[in-house]
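Observations on the three-dimensional arrangement
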Amino acid sequence: MKIRLHHCHQTRSMRVLWLLNEMGVDFELAVYPFDGSLREPDFLAMSPAGRVPALEIDGQSMFESGAMLEYLCDLFPETGMGRAAGSEERAEWLVWLHFAETIGQHVANLNQQILFIYPPEARSPVVVKLEGKRAEKCLAALEDKLADGRDHLLRSGFSAADIAVGQSVYMLRHFVRTSDFPHVEVWYHRITARPAFQKSLPQDGDPVLWAQQFYSLEAE
Ligand SMILES: N[C@@H](CCC(=O)N[C@@H](CS)C(=O)NCC(=O)O)C(=O)O
């Protein structure tokens, strides 16, 4: 099987990279800078809205990271990253896998408002505050889930649900502090200590989206 992931560091494609690294399957990685490369015709043929990730599997291409996580977990059930249809934890696994995008929308809005919109005067402190508060609601939901002392989102252990949500929290932590959510912090540090996560981070010299650990409107 030939798998090729089209990736920009620190973005949602990192979810798929982390999963592939956890699975230990063979794949090729194509890394792009986060720029107009995603608007080239060859890229748009795989991902029509010009977004990462794009994934090629044996000549078939996919977009949408959540669909890729589900597809790969179905393809490689022996890796234990998925929860099969009909199993007790299937619904819970799907819910958290897709909750990643509820967090992801706030990351995208904060990234635009704090870093991408020019001129800086056009950025909105009101939107930043609102998005920050709405992201904290997501962290509170996560805190609640983890408050019974479980090590991972699902009682049975680490899964692609931790990858999806954990990667969204990785992005969010560039704009929103997680220190008021102690169970989230412990879980986040546990899952990001995994070698497969560390391998999915940008390495020296790679093009990055965020050079700093944290950004706020005030600091810009
Ligand atoms: N729901 C999609 C979102 C994909 C997405 O928006 N990716 C961002 C990076 S995190 C992107 O490629 N943005 C480029 C752009 O908006 O031009 C997914 O999960 O794959």
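Residues numbered from 1 in each chain as written. Predicted model: local features only at pLDDT ≥ 70, side-chain atom pairs only at ≥ 80, totals over all residues. Heavy atoms only, no water.

Attention now moves to the domain arrangement of the protein chain. Once the domains are mapped, the protein chain shows domain 1 (3–79) and domain 2 (90–200). Put simply, the middle of domain 1 and the middle of domain 2, counted by C-alpha atoms, are 20 Å apart. Between domain 1 and domain 2, the residue contacts involve 17 residues of the former and 28 residues of the latter. Roughly 1900 Å² of surface becomes buried between domain 1 and domain 2 when both sides are summed, with 63% attributable to carbon and sulfur atoms. When the area that domain 1 buries against domain 2 is broken down by residue, the three leading residues are Met14, Arg15 and Trp18, summing to 37%. Taken together, the links from domain 1 to domain 2 amount to three salt bridges. For Arg12, the salt bridge goes to Glu101, with nearest N and O atoms at 2.8 Å. Where domain 1 touches domain 2, the interface holds ten residue pairs in polar contact (both at pLDDT 80 or more). Those elements that place two or more of their residues in the side of domain 1 that touches domain 2 are helix 1 (13–23) and helix 3 (65–75). (Domains from an automatic or database assignment. Contact = heavy atoms within 4.5 Å. Buried area = accessible area lost by both parts, 1.4 Å probe. Salt bridge = Lys/Arg side-chain N within 4 Å of Asp/Glu carboxyl O. Polar contact = N/O pair within 3.5 Å; in protein donor to acceptor, adjacent residues only side chain to side chain. Helix = DSSP H or I, 4+ residues; strand = E, 2+ residues; numbered from the N terminus.)

Turning to the UniProt feature "domain: GST N-terminal" (unreviewed entry) in the protein chain, a few remarks are in order. When the UniProt feature table is mapped onto this chain, "domain: GST N-terminal" (unreviewed entry) is found at residues 1–80. The span residues 1–80 shows a helical share of 32% and a strand share of 21%, and its end C-alpha atoms are spaced 19 Å apart. (UniProt positions renumbered as here; feature names shortened; annotations may be inferred.)

Another point: helix 1. With respect to burial, helix 1 is a largely interior element, eleven of its eleven residues being buried. Within the sequence span of helix 1, burial applies to Ser13, Met14, Arg15, Val16, Leu17, Trp18, Leu19, Leu20, Asn21, Glu22 and Met23. Count one or two residues on from helix 1 and you reach Gly24, which has phi positive near 70 degrees. (Buried < 20%, exposed > 50% of the residue type's maximum accessible area, 1.4 Å probe, protein only.)

Once that is clear, we can look at the UniProt feature "domain: GST C-terminal" (unreviewed entry) in the protein chain. What UniProt calls "domain: GST C-terminal" (unreviewed entry) maps, in this numbering, to residues 86–208. Helix makes up 64% of residues 86–208 and strand makes up 0%, while its end C-alpha atoms are separated by 40 Å.

Before going further, it helps to examine the pairing of strand 2 (residues 28–31). As a general feature of sheets, a regular strand has side chains that alternate between the two faces. Relative to strand 2, strand 1 (residues 3–7) runs parallel, the two sharing four bridges. Bridging from a neighbouring strand, His6 pairs with Ala30 of strand 2. Viewed along the sheet, the connection from strand 1 through helix 1 into strand 2 turns out right-handed. (Pairing = 2+ DSSP bridges. Right-handed = clockwise from strand over helix to strand, strands pointing away.)

Hydrogen bonds along the backbone pair up the strands of a sheet, which may run parallel or antiparallel. Across the sheet, which stays open at both edges, the four strands sit in the order 2-1-3-4 with mixed pairing between neighbours. In this open sheet, the two strands that pair with only one neighbour each are strand 2 and strand 4 (60–63). Neighbouring strand axes in the sheet, compared pairwise and without regard to direction, differ in orientation by 20 degrees on average. As defined by bridge partners, strand 1 adjoins strand 3 (residues 54–57) across four bridges and the pair is classed as antiparallel. Each residue of the ladder has a partner; that of Arg4, found in strand 3, is Glu56. Here helix 1 sits on the sheet in contact with strand 1, strand 2 and strand 3, set at roughly 145 degrees to strand 1. (Axes fitted to C-alpha atoms, helices over the stretch in contact; angles between N-to-C directions.)

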